[in-house]
Amino acid sequence: MDHAPSNEEHIANAALGQGVGYGIVLGLGGAFALGMILVTFILRRYNREVQTSEMFNTAGRTVKSGLVASAVVSSWTWAATLLQSTGVCYRYGVSGPFWYASGATVQILLFATLAIELKRRAPNAHTYLEIIKARYGTFAHIVFLVFGLATNILVSLMLIVGGSATVNALTGMHTIAAIYLLPVGVVAYTMVGGLRATILTDWAHTFILLVIIIIFALTTYASHDVLGSPAAVYDLLVQAAARHPVAGNKDGSYLTMQSREGAIFFVINIVGNFGTVFLDNGYYNKAIAASPVHALPGYILGGLCWFAIPWLTATTLGLTALAMENTPWFPTFPERMADADVSAGLVLPFAAVALLGKGGAIATLLIVFMAVTSATSSQLIAVSTICTYDLYRTYINPSASGKRLIWTSHAVVIGYGLFIATFSVGLWYAGISMGYLYVMMGVIISSAVLPAALSLVWAGQNKWAASLSPIIGLVCALIAWLVTAKKECGSLDVACTGSNYPMLAGNVAALLSPVVLIGIFTLIFGIDKYDWKSMMEIRKGDDHDLVNAAGVDPEEIPGVREESPAEFEEEQKKLQRAGKISKTATAVLTLALLVLWPMPMYGSGYIFSKPFFTGWVTIGIIWIFCSFIGVGLFPIFESRATLARTCNNIYRDITGKSHPKTIHAQMLEGEGTPGDVTPTDKAGTKEVIGVV
């Protein structure tokens, strides 16, 4: 990999100019930051919202299902979602997008059960690490603290490394400049609005992302001069397989689910993504932020809507690259793409340029920017809550005031943004790509998945099983990974250790070794009889100093208001019912996506016919439109009353017809309490965040 500064030839050949790159990276980032400052002002002026530590880190625990779903989709739509999925399609054909999508959807669906258990067993928690501390004590807490932060660091690195490579390829903007500038706007709006800012910008990013994916799909399969229909794409894929058949695919075809290397990637993908969901505090943040009655539908809807994004994006642009790479419109013509470029995630931008020229380059830059910044914001909040509550409040200042907690959160957001950018520069110089990080992450973190999940669902796991299984599992995974690499290639360089078989061995060892280890430690130390009470004792941040300074009644502030015993009991009943539903729903959906749908086609070695391929693409396009409705339009509909009331209050204030103090008095008198989730459940002024 050439790490020299971008030269004149590269800049001249880039689809867009450097000015466009700087304009989008800095301009859009600044626009979102200014937008969040405006939203924060509106919420403070018209909804009497105060930026407490609880609001900054949990969004008041009152977010509705539509925004939870869009936040899940946005957080799970990394640069790798778009770039890596398109790369595996280029390598393995139609199986790649499906293996990527199904292998990364089931974790979100299964996490819905953990989200319910988290809200039921630890309603005041800010991170899942607080739960580990409450149940097992300090040693286990430190172990999972290391694994949790490692997860966030790996995900953040993938986002910045993959995004900067794409910006460089499309605009000629220097990679190091892109690495440092991409997080700037994200850090700014995350500092201003906290988790609420993350969730609101998640919705905006997801909306734009889905619109652009739909444009790509309809252009490829309906209106393009060279492609323009599934039948035309099918014919070109048959020709591509004749020119360069795929080793390990049935008859070398790109149009079959039976792909040996694709199946290996499928296993690596499943294992690695368990770690990046179950150990990423960002997903627990979303669960914590959700209103109790909205957590389950939010995660189920989010998982199902997300599936279409990598599946259709890769089925569109990955196959476009294969179909058009022997035409003059493709950037590498007459050569095929180099493997290093595929690993760096450049299949998508090259295909977009071939498909739509400069328009495709701009669209790619936009969706990659959206994916990188929204997911990075989630990582910033995830690390901020860990450092604030699991480090600062737990070990440094247990009696920290709300003001001090907010200050700590802000400092961590800035410091982590700078740290991750600097780390990414080091990886760039070392030649480590996004693709390498993606398949390697499971080796590093997945040994903590099972112990973490059992901490919320099984009372019998003892502290030694929870504490030691991740450590020993990591050692087993590293040995399996490196020994297999040495045996396969005879060396331990980046190319060898990043190949499929060593990564497969390391990932599987990481995820499955705790199954044996937990059993051994349970036999040695016995089955625990945990009563779940210590989790209930986790306390919220003390924000009375901030509330008093703002002159607001604490009962009006989400996250500060105390629930009555009757309200708590009612929520517990609903969460127990949701837990039963989630176990059944997630089991059925997981079985469908991993077994019932793909395995018959894999086992039979079926090669898609032209009508079958047309139907396959059509289902993908219908699904992406459903996703757009589910996470693009539904949040607006769900929060229509709050939006209408806020817009009306702004109009009345601007025209001088009413003052905010009058508006607040009317709201408190019952003219309209802002955003009650379930009026039959709770009276009062507890606001549920819809769109504002």
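Up top is the structure.
Residues numbered from 1 in each chain as written. Predicted model: local features only at pLDDT ≥ 70, side-chain atom pairs only at ≥ 80, totals over all residues. Heavy atoms only, no water.

Participant: Which residues make up the nonpolar core, and what values do they have?
Facilitator: Where a protein is soluble and globular, its nonpolar side chains tend to be buried together. If you look at the biggest cluster of nonpolar residues, it comprises 203 residues, and the most contacted ones within it are W78, F111, Y299 and F613. Per-element accounting of this core gives the leading share, 23 residues, to helix α9 (residues 175-223). Ignoring any residue separated from it by four or fewer positions in sequence, one finds F111 in contact with V277, F278, Y283, Y284, A287 and Y299. Membership of the second largest hydrophobic core comes to five residues, among which are L454, L517, I518 and F521. (Core = buried A, V, L, I, M, F, W, Y, C linked by side-chain atoms within 4.5 Å. Buried < 20%, exposed > 50% of the residue type's maximum accessible area, 1.4 Å probe, protein only. Helix = DSSP H or I, 4+ residues; strand = E, 2+ residues; numbered from the N terminus. Contact = heavy atoms within 4.5 Å.)

Participant: Now, about the packing of α9 against helix α13 (residues 295-324): what can you tell me, with residues and values included?
Facilitator: α13 packs onto α9 with a crossing angle of 40 degrees between their chain directions and a minimal axis gap of 10 Å. When the axis of α9 is compared with that of α13, the two are oblique. For the pair α9 and α13, the sense of crossing is left-handed. Along its contact with α9, which presents L209, L210, I213, F216, A217, T220 and Y221, the element α13 presents I309, L312, T313, T315, T316, L317, L319 and T320. When grouped by side-chain class, the residues that make up the contact of α9 with α13 number ten nonpolar, five polar and no charged. (Axes fitted to C-alpha atoms, helices over the stretch in contact; angles between N-to-C directions. Parallel < 35°, antiparallel > 145°, perpendicular 65-115°, else oblique. Left-handed = near helix turned anticlockwise from the far one by under 90°. Nonpolar A, V, L, I, M, F, W, Y, C, P; charged D, E, K, R; others polar.)

Participant: Explain the state of the cysteines to me, and be specific about the residues and the numbers.
Facilitator: With the rule as written, the count across this model stands at one disulfide. Disulfide pairing places C489 opposite C496 at an S-S distance of 2.3 Å. Sign of the S-S torsion, about 90 degrees for the bond between C489 and C496, identifies this disulfide as right-handed. (Disulfide = S-S within 2.5 Å.)

Participant: Go over the environment of D341 with me, naming the residues and quoting the values.
Facilitator: Structurally, D341 is set in helix α14 (residues 339-343). When the C-alpha positions of D341 and S433 are compared, they lie 9.3 Å apart, and in sequence the two are 92 residues distant. Leave out the neighbours within four places in its chain, and D341 touches L346 and F350.

Participant: Residues and numbers for helix α12 (residues 281-289), please.
Facilitator: Burial analysis of α12 places nine of its nine residues in the buried class, which makes it a mostly covered element. Restricting attention to buried positions, one finds in α12 the residues N281, G282, Y283, Y284, N285, K286, A287, I288 and A289. If you check the start of α12, you find a side-chain oxygen 2.8 Å away from the backbone N of G282, and it comes from D280. (Polar contact = N/O pair within 3.5 Å; in protein donor to acceptor, adjacent residues only side chain to side chain.)

Participant: Tell me about the packing of aromatic side chains, and please be specific about residues and values.
Facilitator: Given two aromatic rings, one states the distance between the centres and the angle between the planes to describe the pair. For the structure shown, the criterion picks out 42 aromatic pairs. Both rings, one in Y221 and one in F613, keep their centres 6.5 Å apart while their planes meet at 65 degrees; by these two values the pair is edge-to-face. You can see Y221 sitting in helix α9 and its partner F613 sitting in helix α27 (residues 610-638), a full 392 residues away along the chain. On the basis of relative accessibility, which here comes to 0%, the residue F613 falls in the buried class. Aromatic side chains W597 and W616 sit 6.0 Å apart centroid to centroid with 65 degrees between the ring planes, which places their arrangement in the edge-to-face category. Taken together, the residues span a long stretch of sequence, with W597 in the loop between α25 (565-596) and α26 (598-604) and W616 in helix α27 at a distance of 19 residues. (Phe/Tyr/Trp six-rings, centres within 6.5 Å; stacked < 30°, edge-to-face > 60°.)

Participant: For the environment of T198, give the residues involved together with the corresponding values.
Facilitator: Looking at where T198 falls in the secondary structure, it is placed in helix α9. Judged by its relative accessible area of 0%, T198 falls in the buried class. Between the C-alpha atoms of T198 and S75, which are 123 residues apart in sequence, the distance is 9.3 Å. Look past the residues within four positions of T198 in its chain and what remains in contact with it is T190, K286, S377, S378 and I381.

Participant: Help me get a handle on the pattern of salt bridges, residues and values and all.
Facilitator: Under the defined criterion, the tally for this structure stands at eight salt bridges. Among the ionic pairs, R120 bridges to E117, the shortest N-O distance being 2.9 Å. Here the residue R120 and the residue E117 both occupy positions in helix α6 (residues 95-121), the gap between them amounting to three residues, near one helical turn. In this structure, R120 and E117 share a single accessibility class: buried. (Salt bridge = Lys/Arg side-chain N within 4 Å of Asp/Glu carboxyl O.)

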